[in-house]
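Observations on the model geometry
Residue strings, one per chain:
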Amino acid sequence: MADFVEADNAEAIIARIETKSRKIESLLKQYKHVEALKTALEGSPPKTRDERCKSANWIVVHRAIMAIKDIDGLLNALDAEYYDILMKYLYRGLSTGDRPTCDQCLKIHEKLTERAGLGCILRCLTDTVNTV
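The rules we used
- Residues numbered from 1 in each chain as written.
- Predicted model: local features only at pLDDT ≥ 70, side-chain atom pairs only at ≥ 80, totals over all residues.
- Heavy atoms only, no water.
- Buried < 20%, exposed > 50% of the residue type's maximum accessible area, 1.4 Å probe, protein only.
- Helix = DSSP H or I, 4+ residues; strand = E, 2+ residues; numbered from the N terminus.
- Contact = heavy atoms within 4.5 Å.
- Core = buried A, V, L, I, M, F, W, Y, C linked by side-chain atoms within 4.5 Å.
- Axes fitted to C-alpha atoms, helices over the stretch in contact; angles between N-to-C directions.
- Parallel < 35°, antiparallel > 145°, perpendicular 65-115°, else oblique.
- Nonpolar A, V, L, I, M, F, W, Y, C, P; charged D, E, K, R; others polar.
- Polar contact = N/O pair within 3.5 Å; in protein donor to acceptor, adjacent residues only side chain to side chain.
- Lys, Arg positive; Asp, Glu negative; His and termini not counted.
- Salt bridge = Lys/Arg side-chain N within 4 Å of Asp/Glu carboxyl O.
- Expected span 1.5 Å × (residues − 1).

The subject of this paragraph is helix H2 (residues 33-41). Of all the positions in H2, only Ala 36, Leu 37, Lys 38, Thr 39, Ala 40 and Leu 41 are classed as buried. Among the structural elements, helix H1 (10-29), helix H3 (51-67), helix H4 (71-77) and helix H5 (83-95) are those in contact with the buried residues of H2. One or two positions beyond H2, positive phi appears at Gly 43, with a value near 70°.

On to the nonpolar core, then. Counting 38 residues, the largest nonpolar core has Leu 41, Ile 65, Leu 86, Tyr 89 and Leu 90 as its most contacted members. Those elements that place two or more of their residues in this core are H1, H2, H3, H4, H5, helix H6 (99-116) and helix H7 (118-126). The greatest single-element share of this core, amounting to 8 residues, is contributed by H3. Dropping the residues within four chain positions of it, Ile 65 is found in contact with Leu 37, Trp 58, Leu 86, Tyr 89, Leu 90, Gln 104 and Ile 108.

Attention now moves to the packing of H1 against H3. The axes of two packed helices give the description: the angle between them and the distance between them. As a packed pair, H1 and H3 sit with axes 9 Å apart at the nearest point and diverge in direction by 10°. Comparing their axes, H3 and H1 come out roughly parallel. Between H1 and H3, the contacting residues are Ala 10, Glu 11, Ile 13, Ile 14, Ile 17, Lys 20, Ser 21, Ile 24, Glu 25 and Leu 28 on the first element and Arg 52, Cys 53, Ala 56, Asn 57, Val 60, Arg 63, Ala 64 and Ala 67 on the second. In terms of residue class, the contact of H1 with H3 is built from 11 nonpolar, 2 polar and 5 charged.

As a further point, take the side chain of Thr 101. In this structure, Thr 101 sits in helix H6. Residue Thr 101 is classed as buried on the basis of its relative accessible area, which comes to 3%. At 2.6 Å, the side chain of Thr 101 and the side chain of Asp 98 are in polar contact. The contacts of Thr 101, once residues within four sequence positions are left out, are Trp 58, His 62, Met 66, Gly 93 and Thr 96.

Right, let's get into the side chain of Lys 38. Position of Lys 38 among the secondary structure elements: in helix H2. Buried within the structure, Lys 38 lacks any salt-bridge partner; its nearest side chain of opposite charge belongs to Asp 79, at an N-O separation of 4.5 Å. Ignoring anything within four residues of it in the chain, the contact list for Lys 38 reads Ala 77, Leu 78, Asp 79 and Tyr 82.

For Gly 73, the location among the structural elements is in helix H4. Judged by relative accessible area, Gly 73 falls into the partly exposed class, the value being 23%. Separated by 39 residues in sequence, Gly 73 and Val 34 have C-alpha atoms that sit 8.4 Å apart.

Taking 1.5 Å per residue, 13 residues should reach 18 Å; H5 reaches 19 Å between its end C-alpha atoms and fits that length. Within H5, the full set of buried residues consists of Tyr 83, Ile 85, Leu 86, Met 87, Lys 88, Tyr 89, Leu 90, Arg 92 and Gly 93. Looking at the buried side of H5, the elements it contacts are H2, H3, H4, H6 and H7. A positive backbone phi angle near 80° is found at Gly 97, which sits one or two residues after H5.

Structural data, given as structure tokens:
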């Protein structure tokens, strides 16, 4: 079982997420969307069960996902190690019920499934320890 951070360290995790958020905003302003998404996915999911941390990290990842215009270009540039965690965040996005978010997540989901295969979906759905 993974080592999880205790709730009293949640503030430190949130501070790291806020730093990551500033870096991502800078990358997005430079039109470096793929690099922004990679940065957002690094260290995800946070090794904590604290929902504040998970929500803060989702906001950062969501911002990067919504900026993606060239999905094929994204997947060509994204290392395979990011596929499973990206899939988890796509399902989190779909669970929001927000139409623009769901539309974007479905577009990426389709292309990611073509690239990564059904195993990516299965690993995402069966991993109940490392939730986003």
